[in-house]
Amino acid sequence: MMRAFRTPLPLTFRINMSGKYRESVRRKLTHVLFPKIQAEVSTMAPPRALRWYPHDLAYQLDIPKDALKKSEHMQALHKFMVQANEVGAITRQEAVSMIPPLLLDVKPQHRVLDMCAAPGSKTFQLLEMLHARAEERDEGSLPTGVVVANDASLQRANLLTHQTKRSNSPALIVTNHQAQKFPPLYPKSGEGDATREPYRFDRILADVPCSGDGTLRKSPDLWKKWSPASGVDLHTLQLDIASHAARLLKVGGRLVYSTCSLNPLEDEAVVAALLRRAKGALRLVDVSGELEGLKRKPGMYAWEVGDAFGWHEHPDGGGRRQRNVAATMWPPGSSEARELNLERCVRIMPHLDDTGGFFIVAIDKVGELPEEMEAAADPEAAGSKDGKKWNESNRVAPVIAVENAALVESMRAQYGLDDAKAGISAGLMTRRAGEQDKATPKRLYFVSGGARKLLDAAADGGSGLQVVAAGVKAFERQAAEGAACDYRVTQEGLDALLPHLEKQVVRAAPREIEAILCRQQGQPPSKEAADADLLRPEDAPEGCWEKDTLAAMKNVTPGCVILVTRVHTPTSGASDGNDGNDDKGADADAKKSKKDKKDKKDAKRDKREGGSWSGVACSEDLAVACWYGHGDKGKSLSVLASKAEGSHLLYQLRESMTKK
C-alpha cells in the first residue's frame, strides 16, 4: 500500500452517460486517438475501460496527467479532452470518486441532495444519471426530479456552478449552506398535506470534508502535513453532517456516505455512531454484488483511537488527550459490530487496482428516526444568521420567478413555444441583482418542475435557501428588427427547448451547417461546400444553397434561428412499420404505434422545415443556434455558441456524416 501511495495516479476520465453524442466521443477515443498514442508510446499499457463502470464509459490511461503535452498524439488527445470537457461531453475525474454516485441508484423522479458538492464532478455524474434514465423512458423528456448541489464555501459554490453548468440541466440548483445546517424546505402554501411536512430527499450524497489521506498519490504535499490528529479534528463534524443527512432523507430513501480517507475514525466510527443514534431506522446496504470487477476490502470491526498525544484505550481513560476526542470514536464490541454489518462498508485501497484510497457506504432509511435524533437538529438550520436572511448576509442575489405573461406570449409568437407542454411560464427565473429593468432582465434561466418546487419552498416560511445558481441559461435579451420577441435562444438551452420550438427552426443540409461552423472556426469549408456556395442566390445568407433550405429561410424572421440537420430522407418512401424484428403481440404493436407516431411527426416537421432533399445524410439530430441578420455584405448567419462549443459541434457533425 505504501509503495502504491508513492507512485503518481494514472489519468482517468468518463464520458457523459446522458450525452447525445456519447457514442461518437467513444469512437473518436477508441478508434482514432488511443491507437495513435499506443503506436507512439509502445511501452505504455493500452488505455482501458474501467471494468466496473457501466457501459464502458470510463477510461484509464497509465500516464500521469502532465504527460499529455509531451508528444504530438498526446497533445491531440489533450486538445480533444479539453474541448470535450468544456462542453460537458467528458469529465476528468479520479476513478474512486466515480463510485459514490453509482451506488446511489438515482432515478429520473428522484429529489437528490449533494451535501458537500464542490468541485462538482460527482454532481455532474448525478445529473447525468437523472437525465440518462429519463431519456430511457421517453426520448427527449426532462426528468421530474432535481439535484441540489450544496457547499459551505461561497467561493467553492461558485466553482461548483462553473463545473456543473456544462450539463445544461434545468434540474439543477446550487446552494451555499453548511451541510449540517441545511434548512428544511416546506411545500408552498396550498400544496401538499395539510400538516405541511417538509420535503424529504430520495437520495443524499454526503462526501464529507476529511483529512484526505487517501489522496496522497494525487497530493504528495500531504505527506508533510499528515497527523493522527486530523481524523480526530473532523470526526464530530462528519457525524453531524451524516446525522442531518438522515433527517433530510425520506423513509425508503438512500444515503451514501463517503470520504477520501482511510482513517477509521472518519469512516467506520462515524457509521457505527450514526447507526446507534438511529436505533434501527437506518440499515447498511450490501453492495458486494454491485459494480462487478471493482476490487475492494470490507469495513473494519475494530480499530484504535489515537491523537497528537498518542493512543488511548478507553473513552473515559486518563492521560493527556485532545479536547475533541469523543466517545463515538471507539469501536463497538465485536458482536455489536457484526450486528451493525460494518463489513458492508467499502474500502478502496490504492494497491488493489491502481487507484487512490477511498471509503464508501450505502445506507437505506427503513423507518422514522427516534424523536431525540430529530430534535437534535441545529436550530440555526432555519436559514437565518445573526437575525438576517442568509442571502443578505452573503450578498448573493435571490433567484426570482419571471411572472410576465406578455413576455411568454412574445416567445410563443416568435418561436411557437407551446407553454402547456414546455412549462415556460412556470419555469423562467432570473436574478434580481444587476437587472436594472426587472420587466426585461438580461438573462432568463429555465428550471424544471422539480427544481421550481424547491425554489418556491425556499421562499416560504423563513426557511430560505442561499441559491447560487438554478437551471440552464435558456434566453438572452437581444432584439432584432421585426421580431416578436426581444430574446434569443441560447445554445445551452436548446436541449431543453428544441422539442417545443415550432417556429424559427430550419432543417438544413449537413454540408450547409458544416460550412457555417467552419466560418466560425476560421476554417475553409469543404470543396463541395465552397463550390455550392458560389451558386447561391444573392439574397441568400452565406452557407445556404439547398433549395429546400432557402425556401425554409423565407419562413423565418431576422433574429435567432435554429439550424437543425436533416436526419431523414422522406423521398425514399414512407416506412411500413416493419423494422426487421420478429416481435409479436402487444410489445410489437406498441413499438409500431410509437414508430408510426414518430414517422408522422417527422413528416410534418420535414414539410414545415424544408421538405425532402438529397445529399449527405446525418445519422443524428444536431442543432445550432444562429443569428440571422442583414449587414452591408448582405444576409448572414452567425453561430451563437462559444468557439469551443462550435468546434465540438463541427466534430460531431463530421463524425455523424461519415456513419453509413
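Residues numbered from 1 in each chain as written. Predicted model: local features only at pLDDT ≥ 70, side-chain atom pairs only at ≥ 80, totals over all residues. Heavy atoms only, no water.

## Re the overall build of the protein
Selection rule: In DSSP terms, a helix is any run of H or I states spanning at least four residues, a strand is any run of E spanning at least two, and both are numbered starting from the N terminus. In this scheme, a residue with accessible area under 20% of its type's maximum is buried, one over 50% is exposed, and one in between is partly exposed, where area comes from a 1.4 Å probe on protein chains only. Here a residue-residue contact requires only that any non-hydrogen atoms of the pair lie within 4.5 Å. The protein chains shown are the only cover counted for residues, whose accessible areas, like all others here, come from Shrake-Rupley with a 1.4 Å probe.
In terms of regular secondary structure, the protein is built from 23 helices and 27 strands. Counting the 660 residues in the protein, one finds 53% classified as buried. Within the protein, residue pairs in contact and separated by at least 24 positions form 78% of the contacts whose partners lie at least 6 positions apart. As presented, the protein carries roughly 30,300 Å² of accessible surface, and 50% of it is formed by carbon and sulfur atoms.

## Here we look at the pattern of salt bridges
This is how the line gets drawn: One side-chain nitrogen of Lys or Arg within 4 Å of one carboxyl oxygen of Asp or Glu is enough to make a salt bridge.
Scanning the model with the defined rule gives 29 salt bridges in all. A salt bridge links K473 to E476, with the shortest nitrogen-to-oxygen separation between them at 3.7 Å. Taking the relative accessible area as the measure of exposure, K473 reaches 22% and is therefore partly exposed. With its nearest N and O atoms 2.9 Å apart, the salt bridge here joins D531 to K527. With D531 and K527 both in helix α20 (residues 527-534) and 4 residues apart, this pair spans about one turn of that helix. By relative accessible area, D531 is classed as partly exposed at 37%. Residue K527 is classed as exposed on the basis of its relative accessible area, which comes to 63%.

## Description of the side chain of T549
As a reminder of what qualifies: Whenever two N or O atoms come within 3.5 Å, that pair is a polar contact, provided that in protein one can donate a hydrogen and the other can accept it, and provided that, for residues adjacent in sequence, both atoms are side-chain atoms.
Its place among the elements puts T549 in helix α21 (residues 547-553). Under the relative-accessibility criterion, T549 is labelled buried at 0%. A polar contact of 2.7 Å, which involves the side chain of T549, links it to the side chain of E512. Other than its neighbours up to four places away in sequence, T549 contacts V506, R507, A508, A509, E512, C544 and R566.

## Focus: the sheet that holds strand β19 (residues 428-431)
Put simply, the rule is: When DSSP locates at least two bridges between a pair of strands, those strands are taken to pair. Helix axes are fitted only over the stretch in contact, all axes being lines through C-alpha atoms; the angle between N-to-C directions runs from 0 to 180 degrees.
With antiparallel pairing, 5 strands are arranged side by side in an open sheet as β18-β19-β20-β22-β23. Among the strands making up the open sheet, the edge pair consists of β18 (399-401) and β23 (487-489). Strand-to-strand twist of the sheet, defined as the mean angle between neighbouring strand axes without regard to direction, takes the value 40°. Pairing analysis gives 3 bridges linking β18 to β19, with the strands arranged antiparallel. Counted as the bridge partner of I400 is T430 from β19. Across the face of the sheet, helix α14 (residues 405-415) comes into contact with β19, β20 (443-446), β22 (472-477) and β23 while running at roughly 55° to β23.

## Considerations on unusual backbone geometry
Negative phi is the rule for most residues except glycine; trans is the rule for most peptide bonds. Here the amide bond leading from A118 into P119 is cis, since omega sits at 10°, within 30 degrees of zero. Structurally, P119 can be placed in the loop between β5 (111-114) and α5 (121-137). Its identity is not glycine, yet K279 carries a phi of approximately 50°, on the positive side. Mapped onto the elements of the fold, K279 is located in the loop between α9 (268-278) and β10 (282-284). Accessibility expressed as a relative area gives 61% for K279, which makes it exposed. Its identity is not glycine, yet N341 carries a phi of approximately 60°, on the positive side. Here N341 lies in the loop between α10 (334-339) and β14 (346-348).

## Describing the sheet that holds strand β1 (residues 11-15)
Taking strand neighbours across the sheet as the criterion, the 4 strands line up as β2-β3-β1-β4 in an open arrangement whose pairing is antiparallel. The open sheet terminates on both sides in strands that have one partner only, identified here as β2 (48-49) and β4 (90-92). Judged from the 2 bridges that link them, β2 and strand β3 (residues 58-61) form a sheet pairing that is antiparallel. Looking across to β3, one finds that A49 is bridged to Y59. Those strands touched by helix α2 (residues 22-40) are β1, β3 and β4, and its axis lies near 145° from that of β1. This element, helix α3 (residues 72-86), spans β1, β3 and β4 of the sheet and lies at about 110° to β4.

## So, α20
Quick reminder of the rule: This arc corresponds to the set of directions leading from the helix axis out to the C-beta atoms.
Among all positions of α20, only A529, A532 and D533 are buried. What you see down the axis of α20 is that its buried residues fit within an arc of 100°, all on one side. Residues of α20 that are exposed and angled more than 90 degrees away from the buried face: K527 and L534. Buried residues along α20 sit in contact with α19 (510-521).

## Considerations on the nonpolar core
Heads up, the rule is: Among the buried residues, those of types Ala, Val, Leu, Ile, Met, Phe, Trp, Tyr and Cys that are joined through side-chain atoms within 4.5 Å form a nonpolar core.
Counting 63 residues, the largest nonpolar core has L29, W52 and Y53 as the members making the most contacts within it. With near-sequence residues (within four places) excluded, W52 lies in contact with A95, M98, I99, L102, L291, E292, G293, L294 and D353. Ranked by size, the runner-up nonpolar core spans 59 residues in total, among them I204, A246, F359 and L455.

## Some thoughts on the packing of helix α8 (residues 229-248) against α9
Packed helix pairs are specified by the crossing angle of their axes together with the interaxial distance, meaning the distance between the axes. For clarity, the threshold we go by: If an angle is under 35 degrees, it is roughly parallel; if it is over 145, roughly antiparallel; if it lies from 65 to 115, roughly perpendicular; otherwise it is oblique. Helix crossings fall into two classes, left-handed where the near helix is turned counterclockwise from the far one by less than a right angle and right-handed where it is turned clockwise. Charged means Asp, Glu, Lys or Arg here, nonpolar means Ala, Val, Leu, Ile, Met, Phe, Trp, Tyr, Cys or Pro, and polar covers whatever is left, Gly included.
For the pair α8 and α9, interaxial distance at closest approach is 10 Å and the crossing angle is 45°. Viewed along their axes, α8 and α9 adopt a mutual orientation that is oblique. α9 is crossed by α8, and the crossing has right-handed handedness. Contacts between α8 and α9 pair H235, Q238, L239, D240, A242, S243 and A246 from the former with A269, V270, A273, L274 and R277 from the latter. Among the residues making up the contact of α8 with α9, the classes are represented as 7 nonpolar, 3 polar and 2 charged.

## A word on the side chain of Q652
Relative to the helices and strands, Q652 is located in helix α23 (residues 643-658). Excluding its chain neighbours within four sequence positions, the residues that come into contact with Q652 are Y21, S24, V25 and L622.

## Some points on the pairing of strand β15 (residues 358-365)
With respect to burial, β15 is a largely interior element, 7 of its 8 residues being buried. For strand β9 (residues 249-259) and β15, the ladder comprises 6 bridges, and the chain directions are antiparallel. From the neighbouring strand, S258 faces β15, where its bridge partner is I360. In this structure, β10 lies alongside β15, joined through 3 bridges in antiparallel fashion. Paired with R283 across the strands is D364, a residue of β15.

## Some words on the UniProt feature "active site" (unreviewed entry) in the protein
Put simply, the rule is: UniProt positions are given in the numbering used here, feature names are shortened, and annotations may be inferred rather than shown by experiment.
With numbering aligned to this structure, UniProt lists the feature "active site" (unreviewed entry) at C260. Residue placement: C260 occurs in the loop between β9 and α9.

## Regarding the UniProt feature "binding site: S-adenosyl-L-methionine" (unreviewed entry) in the protein
In the numbering used here, UniProt assigns the "binding site: S-adenosyl-L-methionine" (unreviewed entry) feature to C116, A117, A118, P119, G120, S121, K122, D151 and D207. Taking the farthest pair of C-alpha atoms as the criterion, the annotated set spanning 92 residues converges on one region, since that pair is 13.2 Å apart. Contact partners of S121, with chain neighbours within four places excluded, come to R14, T91, Q93 and S97. If you trace the backbone, D207 turns up in strand β8 (residues 201-207). Within the structure, the side chain of D207 is placed 3.0 Å from the side chain of K122, a separation counted as a polar contact.

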